[in-house]
Amino acid sequence: MNKKIKIATWNVNSLRVRLPHVLDFLKNTAPDILALQEIKMTDDKFPIEEIQAAGYHVLFSGQKTYNGVALLSRMKGNDVITDLPHLDDPQRRVLGTTYDNKLRVLNLYVPNGASLDSDKYQYKLNWFKYLHNYISESIQEFPHLILLGDFNIAPEDRDVYNPAAWKGKVIVSPPERAALRDLLSLGLHDTFRLFEQPPALFSWWHYRREAFARNMGLRIDFILASSSLSSHCTSCMIDIAPRGLERPSDHAPVVATFDL
DNA sequence: ATGGCAGGCTATGCCTGA
């Protein structure tokens, strides 16, 4: 067969506020799968009708005020999970499903970590340990595995606008970077880095002080693919256009295409 | 050097984000 599939991820920082941007993105980019993070709403508030009217199935795992993840897709997903196995966590950061009985997709909103001396940093590293253990099993069960979302880790200095200013901070700390490298070593590939990319391409910019206009950003949103998928990946790009809209999310969507 | 913006909440400032 020769099937093209387009997969995207976007931290929308409130789906209530960003729904018009998301509907425009579905129309303009027409992804087969769109993973959303930080929808910031309880499940009873999810805009099911609007998204179904755009031609997409919906899965979501939300909570009040914070976090929350969703998957919008052309195909219907099966075998849904909303937690990392063995981790009892009220925070809604995980949404996994299987499409066409073979493509396993895990949408992740990795904890931010606040600062290196905080409990939230320990929570982040611990959360990542449970993720690692789960993926070490999942990648055996599902050769076609995609992990995508907001990882809240900048893998290398080239993913940071000003590495010197970020040194010693959360997002770039050596233990976080090591945790991400260990995850990739299970057999996952950062699809963005499969291709030659211009320097200083980021997926997040602070709202403050014209950070986007000055391209003071970080690359922390990824589409990771298992080897059997990454070899069929034909592109990965960051779509910065939505970051320039009125009332934007602070993150830009990342889009990857596969020729399966 | 510092702090700056945005979203949600039941608040009329505080917490969180990265």
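For the structure, see preceding data.
Model, not experiment: these values are computed from the prediction.

Thresholds, definitions, all that
Residues numbered from 1 in each chain as written. Chains lettered and ligands numbered in written order. Predicted model: local features only at pLDDT ≥ 70, side-chain atom pairs only at ≥ 80, totals over all residues. Heavy atoms only, no water. Near = heavy atom within 4 Å. Polar contact = N/O pair within 3.5 Å; in protein donor to acceptor, adjacent residues only side chain to side chain. Helix = DSSP H or I, 4+ residues; strand = E, 2+ residues; numbered from the N terminus. Nonpolar A, V, L, I, M, F, W, Y, C, P; charged D, E, K, R; others polar. Salt bridge = Lys/Arg side-chain N within 4 Å of Asp/Glu carboxyl O. Buried < 20%, exposed > 50% of the residue type's maximum accessible area, 1.4 Å probe, protein only.

**Quick notes on the protein's contact with DNA strand B**
- The environment of DNA strand B is formed by 24 residues, the closest being Ser14, Arg16, Asn112, Arg208 and Arg209.
- Backbone atoms, meaning sugar and phosphate, form 73% of the atoms of DNA strand B found within 4 Å of the protein.
- The side chain of Lys120 places a nitrogen or oxygen atom 3.4 Å from a sugar or linking oxygen of DNA strand B.
- Take His251: an N or O atom from its side chain is 3.4 Å from a phosphate oxygen of DNA strand B.
- Looking at the surface near DNA strand B, the element that brings in the most residues is helix α1 (residues 15-29), giving three residues.
- Within the surface near DNA strand B, the residues separate by chemical class into eight nonpolar, seven polar and nine charged.

**Focus: the pattern of salt bridges**
- One pass over the full model with this rule turns up 10 salt bridges.
- A salt bridge links Lys4 to Asp259, with the shortest nitrogen-to-oxygen separation between them at 3.1 Å. Of this pair, Lys4 sits in strand β1 (residues 4-11) while Asp259 sits in strand β14 (residues 254-259); the two residues are 255 residues apart in sequence, bridging distant segments of the chain.
- Overall, the relative accessible area of 62% leaves Lys4 in the exposed class.
- Salt-bridge contacts for Asp159 lead to Arg219; the nearest nitrogen and oxygen are separated by 2.8 Å. Of this pair, Asp159 sits in the loop between β8 (145-150) and α4 (163-166) while Arg219 sits in the loop between β11 (217-218) and β12 (221-226), and the two are 60 residues apart along the sequence.

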